[in-house]
Amino acid sequence: MRVVPYQEILERKFQKQKQLLEMGAVVHANGHCFHTGTISFGCRDCFSGEQSINLFHGTQCMCHCPYCYYNPSREEIELNEKQELQEIELTKYKLREFENYHPAIVSFCSSGETLLYIDIFERYAREIYPLLYRKNIHPYTFLYTNGILADEQMLARLQRIGVNELRFHWSASNFSEQVTEHMKLAKQMGFVLTVEEPAYPLNREALLARLPQMEALGVEHLDLVELHLTGYNWDAMERLFPGDEYLVYKDFFYHLYDHGMTYEIMEECLKQRYHFSVMDCNSGVERCRNNQDQDVGFSWESIRGMCDEWDCGPDFLPRMRNGKAYKKTK
């Protein structure tokens, strides 16, 4: 791998983006969201910087992806009963007492496999959702999973706690038939079906080959996430990508450039007129998500038409993560 100036990566991307825009791709969020179709509503807070509830628990996973950017030898890190209760009570306090706290997007995630921790998320949902409903907010909830545990019984539990969308990391199981059946079942049960994959160059052909299958399964969104490089996966990626052919760049974090993989997949989807959206979830998303000055020039007009529609409830009032109201911009 070779670290190159960010401008070199942007130049490559812009050149391809111009071609895709002529084919029907679109751009939102002041240039940071490049996609086809309308993306998941659950992605909106990454670009708007609005309040959301992000529940993040557990570290264990049954898969061993070579590009995982978490510590591969990590021991279980889980809140004890007292710590979990404190976290729940803090969220409940904010919902009860803060008039400027109106989150409409909820995500369940983990640095391992989220469904290993379903008991914790069920406890959160029982405590938090009644307070959201009392504020006349209709939360949109999504969950990340490798899909291995997402059988009918598990999917029924997720329905009961109000999960709307499931994001499957399909390649984590090497696109197993078991996970494929779970994806099919999730679609039949009414979940929004999303495939979220790292833009990992070695998976290029496997993903391209499965685009027709995604269409047949009823996938609604394909999110391709530029690979985040950390101290935990850097050495492994250097072994897999020796020499200078593959490029690395620094934005908010270090990323492995996908060498056009995402845009090649977008182009194929546009040519075949597949119904699911494709999003280039690149490093610009992190700059939007971590922006502390979103009120300076952000306009809701910049994301109009970007996402699927969702009724946030009659009393939903968009606020930034710090609770401040957005400035009105022309």
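Use the structure listed above.
The structure presented is a predicted model; accordingly, all values stated were derived computationally and were not measured.

Right, let's get into the state of the cysteines. Scanning all chains against the criterion turns up 0 disulfides. Cys 33 forms no disulfide, and the closest cysteine sulfur to it belongs to Cys 307, at a distance of 7.0 Å. The cysteine Cys 43 is free of any disulfide, with Cys 46 supplying the nearest cysteine sulfur at 6.1 Å.

What follows deals with the sheet that holds strand S10 (residues 227–229). A sheet is described by the order of its strands in space; here 4 strands give the open sequence S1-S11-S12-S10, paired in mixed fashion. Two strands close off the open sheet at either side, each with one partner strand: strand S1 (2–3) and S10. Pairing of strand S11 (residues 247–250) with strand S12 (residues 254–256), which is carried by 3 bridges, proceeds in the antiparallel orientation. Bridging from a neighbouring strand, Lys 250 pairs with Tyr 254 of S12.

In the structure shown here, the tally under the stated rule is 15 aromatic pairs. A ring pair is formed by Tyr 67 and Tyr 200, whose centres lie 4.6 Å apart and whose planes are at 55°; its orientation type is tilted. You can see Tyr 67 sitting in the loop between strand S4 (53–56) and helix H3 (81–97) and its partner Tyr 200 sitting in the loop between strand S8 (192–198) and helix H7 (204–209), a full 133 residues away along the chain. Each member of the pair Tyr 67 and Tyr 200 is classed as buried. With a centroid separation of 6.0 Å and an interplanar angle of 85°, the aromatic rings of Tyr 200 and Phe 241 are classed as edge-to-face. Of this pair, Tyr 200 sits in the loop between S8 and H7 while Phe 241 sits in the loop between helix H9 (234–240) and S11, placing them 41 residues apart in sequence. Accessibility assignment for this pair places Tyr 200 and Phe 241 in one class, buried. Ring-pair connections join several aromatic residues into one group, and the members of that group are Tyr 67, Tyr 200, Phe 241 and Tyr 246. The ring of Phe 142 has Arg 167 sitting right over it, with the charged end atom 3.9 Å from the ring centre. When the ring centre of Phe 175 is taken as origin, the NZ or CZ atom of Arg 210, which lies over that ring, is 4.0 Å away.

A few words now on the packing of H3 against helix H4 (residues 118–134). For the pair H3 and H4, the least separation of the axes is 9 Å and the interaxial angle reads 15°. The orientation of H3 relative to H4 falls into the category roughly parallel. Between H3 and H4 lies a crossing whose hand is right-handed. The residues of H4 that touch H3, namely those facing Glu 84, Glu 87, Ile 88, Thr 91, Lys 92, Leu 95 and Arg 96, are Ile 120, Arg 123, Tyr 124, Glu 127, Ile 128, Leu 131 and Leu 132. Of the residues assigned to the contact of H3 with H4, the class counts are 7 nonpolar, 1 polar and 6 charged.

Taken as a whole and assessed by the stated rule, the structure comprises 17 salt bridges. Two residues, Arg 12 and Glu 8, come together in a salt bridge whose shortest N-O distance is 3.6 Å. Here Arg 12 and its partner Glu 8 are both found in helix H1 (residues 6–23), 4 residues apart, which amounts to about one turn of the helix. Overall, the relative accessible area of 35% leaves Arg 12 in the partly exposed class. According to the relative accessible area criterion, Glu 8 is partly exposed, its value standing at 26%. Where Glu 84 meets Arg 123, a salt bridge forms, and the shortest distance between an N and an O atom there is 2.7 Å. Taken together, the positions of Glu 84 in helix H3 and Arg 123 in helix H4 put the pair 39 residues apart, joining distant regions of the chain. For Glu 84, a relative accessible area of 9% puts it in the buried group. A relative accessible area of 32% means that Arg 123 is categorised as partly exposed. Three or more residues joined by partner-sharing salt bridges are found here, namely Glu 165, Arg 167, Glu 196 and Asp 223.

Cut-offs applied
- All residue numbers refer to positions counted from 1 along the written sequence of the respective chain.
- Where totals are concerned, whole chains, interfaces and linings use all residues; where local detail is concerned, this predicted model gives features only for residues with pLDDT of at least 70, and gives and counts side-chain atom pairs only at 80 or more.
- Side-chain metrics in this entry use all non-hydrogen atoms of the structure; hydrogen atoms and water are not considered.
- Disulfides are defined as pairs of cysteine sulfur atoms found within 2.5 Å of each other.
- Strand pairing is assigned whenever DSSP detects at least two bridges linking the two strands.
- Secondary structure elements follow DSSP: runs of H or I no shorter than four residues count as helices, runs of E no shorter than two count as strands, and numbering proceeds from the N terminus.
- Here is the rule: rings of Phe, Tyr and Trp (six-membered ring for Trp) pair when centre to centre is within 6.5 Å. Planes less than 30 degrees apart are stacked, more than 60 are edge-to-face, and the remainder are tilted.
- Note on exposure labels: buried denotes an accessible area under 20% of the residue type's maximum, exposed denotes more than 50%, and partly exposed covers the range between, all computed with a 1.4 Å probe on protein chains only.
- The rule for a charge over a ring is simple: NZ of Lys or CZ of Arg within 6 Å of the ring centre, and within 35 degrees of the ring normal.
- Structural elements are reduced to axes, namely lines fitted to C-alpha atoms, with helices fitted over the stretch in contact, and the angle between N-to-C directions of any two is expressed from 0 to 180 degrees.
- Oblique is the label for any angle not under 35 degrees, not over 145, and not in the 65 to 115 range, which are roughly parallel, roughly antiparallel and roughly perpendicular in turn.
- Handedness of a crossing is defined here by the sense of rotation of the near helix relative to the far one, left-handed for an anticlockwise turn of less than a right angle and right-handed for a clockwise turn.
- Whether two residues are in contact is decided by their heavy atoms: any pair within 4.5 Å suffices.
- Polar here means any residue other than Ala, Val, Leu, Ile, Met, Phe, Trp, Tyr, Cys and Pro, which are nonpolar, and Asp, Glu, Lys and Arg, which are charged; Gly is therefore polar.
- Any Lys or Arg side-chain nitrogen found within 4 Å of a carboxyl oxygen on Asp or Glu counts as a salt bridge.

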